[in-house]
Amino acid sequence: MDGVGIGAGDEGDAVWLARTPTLDALRKKSAYQTLHAHGLSVGLPSDGDMGNSEVGHNALGAGRVFDQGAKRVNLAIESGEIFRGAAWRQCVAQVAQSGEPLHLMGLLSDGNVHSHIDHVFAMLRQAHADGVAAVRVHVLLDGRDVPETSALQYVDALELELRQLREAGRDYWVASGGGRMTTTMDRYEADWSMVERGWNAHVLGTARPFPDVRSAVETFREETPGIGDQFLPDFTIVDEDGTARGPIRDGAAVVFFNFRGDRAIEITRALSEPGFDRFGPRPDVFFAGMMQYDGDLHLPEHFLVTPPDIDHTLGELLAADGVTQWACSETQKFGHVTYFWNGNRSGAFDEKLERYEEIGSENLPFEQRPWMRAAEITDATLAALKSGSFRHLRINYANGDMVGHTGHRDATVLAVETVDLQLARLLPVIERLQGAIVVTADHGNADEMYELDKKTGAFLHRTDGSLKARTSHTLNAVPCHVWAPGRTLEPAAENTLGLSSLAATVLQLLGRAAPSEYAPSLLKAG
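Thresholds, definitions, all that
- Residue numbering note: each chain is counted from 1, following its sequence as written.
- Totals for whole chains, interfaces and linings use every residue, but because this is a predicted model, local features are given only for residues with pLDDT of at least 70 and side-chain atom pairs only at 80 or more, for both listing and counting.
- In computing side-chain properties, one takes all heavy atoms of the structure into account and sets aside hydrogens as well as water.
- Elements are defined by DSSP. Helices are runs of H or I of four residues or more, strands are runs of E of two residues or more, and each kind is numbered from the N terminus.
- Based on C-alpha atoms, the radius of gyration is set beside the globule rule, defined as 2.2 Å times the residue count to the power 0.38.
- Working definition: with a 1.4 Å probe on protein chains only, accessible area under 20% of the residue-type maximum means buried, over 50% means exposed, and in between means partly exposed.
- Here, two residues are considered to be in contact whenever any of their heavy atoms come within 4.5 Å of each other.
- Charge counting follows a simple rule: Lys and Arg are positive, Asp and Glu are negative, and His as well as the terminal groups are ignored.
- By convention, the point assigned to a charge is CZ for Arg, NZ for Lys, CD for Glu and CG for Asp.
- Any Lys or Arg side-chain nitrogen located within 4 Å of an Asp or Glu carboxyl oxygen qualifies as a salt bridge.
- Buried Ala, Val, Leu, Ile, Met, Phe, Trp, Tyr and Cys residues that are joined via side-chain atoms within 4.5 Å together make up what is termed a nonpolar core.
- DSSP calls a pair of strands paired once it identifies at least 2 bridges connecting them.
- To obtain each axis, a line is fitted to C-alpha atoms, and for helices this fit is confined to the stretch in contact; angles are then taken between N-to-C directions over 0 to 180 degrees.
- Between 30 and 60 degrees the pair is tilted, below 30 it is stacked and above 60 it is edge-to-face, where a pair is any two Phe, Tyr or Trp rings, Trp via its six-membered ring, whose centres lie within 6.5 Å.
- We call a charge positioned over a ring when the NZ of a Lys or the CZ of an Arg lies within 6 Å of the ring centre and within 35 degrees of the ring normal.
- Any angle that falls under 35 degrees is termed roughly parallel, while one over 145 is termed roughly antiparallel, one within 65 to 115 roughly perpendicular, and all others oblique.
- Definitions for this section: a left-handed crossing has its near helix turned counterclockwise from the far helix by less than a right angle. A right-handed crossing has that turn clockwise.
- Note on residue classes: Ala, Val, Leu, Ile, Met, Phe, Trp, Tyr, Cys and Pro are nonpolar, Asp, Glu, Lys and Arg are charged, and everything else, Gly too, is polar.

It is worth spelling out the overall build of the protein at this point. Along its length, the protein carries 18 helices and 14 strands. On C-alpha atoms alone, the protein measures out to a radius of gyration of 23 Å, which is about the 24 Å that the 2.2 N^0.38 rule sets for 526 residues. For the protein, the spread of C-alpha atoms along the three principal axes comes to 75 × 55 × 40 Å. Expressed as a percentage of its 526 residues, the buried residues of the protein come to 59%. Taking all contacts inside the protein whose residues are at least 6 apart in sequence as the whole, residues at least 24 apart take part in 77%. Distance from the positive charge centre (48 side chains) to the negative charge centre (73 side chains) of the protein: 4 Å.

Printed below as a string of structure tokens:
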């Protein structure tokens with residue numbers, strides 16, 4: 001249940017507000033406990049860091065915790081390793097030879113899910129130290145992993161940094177941008193038009209012109225009252241004579257500074273894949289990612305920080321043991337039950353034993369379709385169960401997360417109720433087949449739909465008096481129900497278990513021993 005955490009049970013908790021008779025009944029008859037799904041429990045730098053779907057599914061499938069993107073980048077910056085590496089050195093050499101700017105592109109916030117603004121500052125300062133004369137920054141505005149209208153605090157901090165570097169003699173400017181859900185950061189090829197808008201803004205410099213980012217944000221907010229940062233249109237920054245300040249041209253170097261891969265792959269392909277011409281001729285640039293976003297496809301070829309090497313995942317172990325597997329979700333989360341679950345690995349471990357089924361997502365605002373494709377996922381799951389062809393099946397209902405990110409509380413309540421309804425369809429079939437089911441979540445989101453004052457705990461309000469929507473993930477624990485009809489299961493006594501304990505639990509339910517390095521099962525032995 002993507003994004004379904006355990007909230008405070010107040011008017012901002014869409015999970016608590018939702019009518020969930022299936023989950024309520026399941027809790028009474030299952031081995032129930034709560035799991036940590038954020039911070040150190042999923043390999044992030046601190047327990048103040050929200051979990052996310054990428055690291056959550058890595059932990060679920062890997063059976064133990066690996067240092068994840070943000071933590072690995074922090075360590076590489078602290079040690080200087082990132083700037084001693086071949087990719088960074090080649091970026092610097094490229095622009096020194098061509099005279100073109102170094103372009104930095106990515107999500108501008110401190111959400112620490114896809115990126116962190118401190119990493120941008122570190123690269124700007126290092127570029128200055130390395131003698132890079134010109135830098136252009138292409139900013140994707142967040143409002144999803146951070147408060148919904150917080151963009152200008154990050155923009156102002158960036159502009160201050162750039163101004164100080166210009167005063168030191170550098171030609172460093174913001175060149176373009178847009179909201180993350182309109183521009184550049186598509187995933188799983190759900191909407192290539194997002195990438196095309198980014199291409200027009202970043203590469204061609206033909207998006208709507210503005211003299212600076214603040215002007216763009218304030219204009220868009222005035223034109224569309226209530227719009228969140230994530231939905232702001234694309235824009236290009238121009239100088240006094242209307243010329244785009246930083247189009248990406250032949251000879252440039254480009255660093256995409258997001259460390260998370262799912263929303264980075266398409267722009268990576270557009271700027272680095274030989275023969276890619278979906279948007280017209282590709283400029284001849286040196287492209288590097290903050291990390292390698294797909295190890296199997298080697299995308300990108302050049303990257304600044306080595307990603308975690310995740311091996312011996314649950315899927316790999318089951319395939320090696322001849323266990324048949326099936327995985328399914330809609331497009332928005334299909335990569336999470338396949339690629340991320342399998343340790344950042346594309347494709348099946350054994351195509352004879354595994355089948356992955358993707359249900360196409362609708363290209364509509366999620367708050368308008370809070371049920372999304374949950375029913376179709378259930379249809380496919382029931383067919384797979386009844387076929388008798390698979391021993392292990394895993395699915396992801398994206399509703400709690402994707403609708404939760406919109407900030408629409410009432411739609412999110414419907415999203416949670418949708419998931420509960422689909423579970424009601426699954427449980428009787430599990431019982432008839434004498435199987436077992438584990439129902440959990442990868443992180444919280446729907447459980448906290450309004451922003452809270454960190455000091456008082458009271459809800460924050462907009463200037464018009466309405467409650468301020470929260471669109472980001474939460475630090476809350478997530479529920480975990482383990483039910484095997486006809487069998488008595490007892491939860492483990494531990495109260496500090498995390499998502500990584502699910503893999504050993506699945507192996508126990510399948511009658512198999514978990515590797516010694518795996519986190520302990522959620523169940524007592526026996």
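Continuing now.
Here the focus is the pattern of salt bridges. Counted according to the given criterion, the structure contains 26 salt bridges. Between D401 and K333 there is a salt bridge, with its nearest N and O atoms 2.7 Å apart. Of this pair, D401 sits in helix 16 (residues 399-404) while K333 sits in helix 13 (residues 331-334); the two residues are 68 residues apart in sequence, bridging distant segments of the chain. Owing to a relative accessible area of 2%, D401 belongs among the buried residues under this scheme. Here the salt bridges do not stand alone but share partners, grouping D2, K333 and D401 into one network.

This part covers the nonpolar core. Counting residues in hydrophobic clusters, the biggest one holds 75 residues, and the most contacted among them are L102, L124, L158, M290 and L304. Filtering out sequence-adjacent residues up to four positions away, M290 remains in contact with V73, I82, H119, M123, F256, F257, N258, F259, F303, L304 and V305. One finds A31, W326, I359 and Y397 within the second-largest nonpolar core, a separate group that totals 61 residues.

Attention shifts here to the sheet that holds strand 4 (residues 171-179). Read from one edge to the other, the open sheet built from eight strands follows the order 5-6-4-3-2-7-8-9, with strand pairing classed as mixed. In this open sheet, the two edge strands, each paired with only one partner strand, are strand 5 (209-210) and strand 9 (303-305). Pairing geometry for strand 7 (residues 253-256) and strand 8 (residues 286-291), over four bridges, is parallel. The partner of V255 across the bridge, within strand 8, is A288.

Quick look at the sheet that holds strand 10 (residues 325-330) now. Taken in spatial order, the three strands make up an open sheet running 11-10-12, and their pairing is parallel. Strands with a single pairing partner mark the edges of an open sheet, and in this sheet they are strand 11 (354-359) and strand 12 (392-396). Averaged over all pairs of adjacent strands, the angle between their axes in this sheet comes to 10°, without regard to strand direction. Bridge analysis of strand 10 against strand 11 gives six bridges, and the strand direction is parallel. Across the sheet, the residue bridging to C328 is E357, located in strand 11.

As enumerated under the stated definition, the model contains eleven aromatic pairs in all. Relative to W88, the ring of F83 has its centre 5.0 Å away and its plane inclined at 70°; by these criteria the two rings are edge-to-face. The burial state of F83 is the same as that of W88; both residues are buried. Aromatic pair W192 and F276: ring centres 5.7 Å apart, planes at 35°, arrangement tilted. Of the two residues, W192 sits in helix 9 (residues 192-204) while F276 sits in the loop between helix 11 (265-272) and strand 8, which places them 84 residues apart along the sequence. With relative accessibility at 10%, the residue W192 sits in the buried group. A connected cluster of aromatic rings, assembled from ring pairs, spans W192, W199, F276 and F279. Here the basic side chain of K29 rests over the ring of W483, its NZ or CZ set 4.2 Å away from the ring centre.

Right, let's talk about the packing of helix 9 against helix 11 for a bit. The contact between helix 9 and helix 11 brings their axes to 10 Å, and the two run at 50°. Regarding the angle of helix 9 to helix 11, the classification is oblique. Seen along the crossing, helix 9 lies across helix 11 with a hand that is right-handed. Note on element contacts: helix 11 touches helix 9 through E266, I267, R269, A270 and L271, opposite W192, V195, W199 and V203. In the contact of helix 9 with helix 11, the residues fall into seven nonpolar, no polar and two charged.

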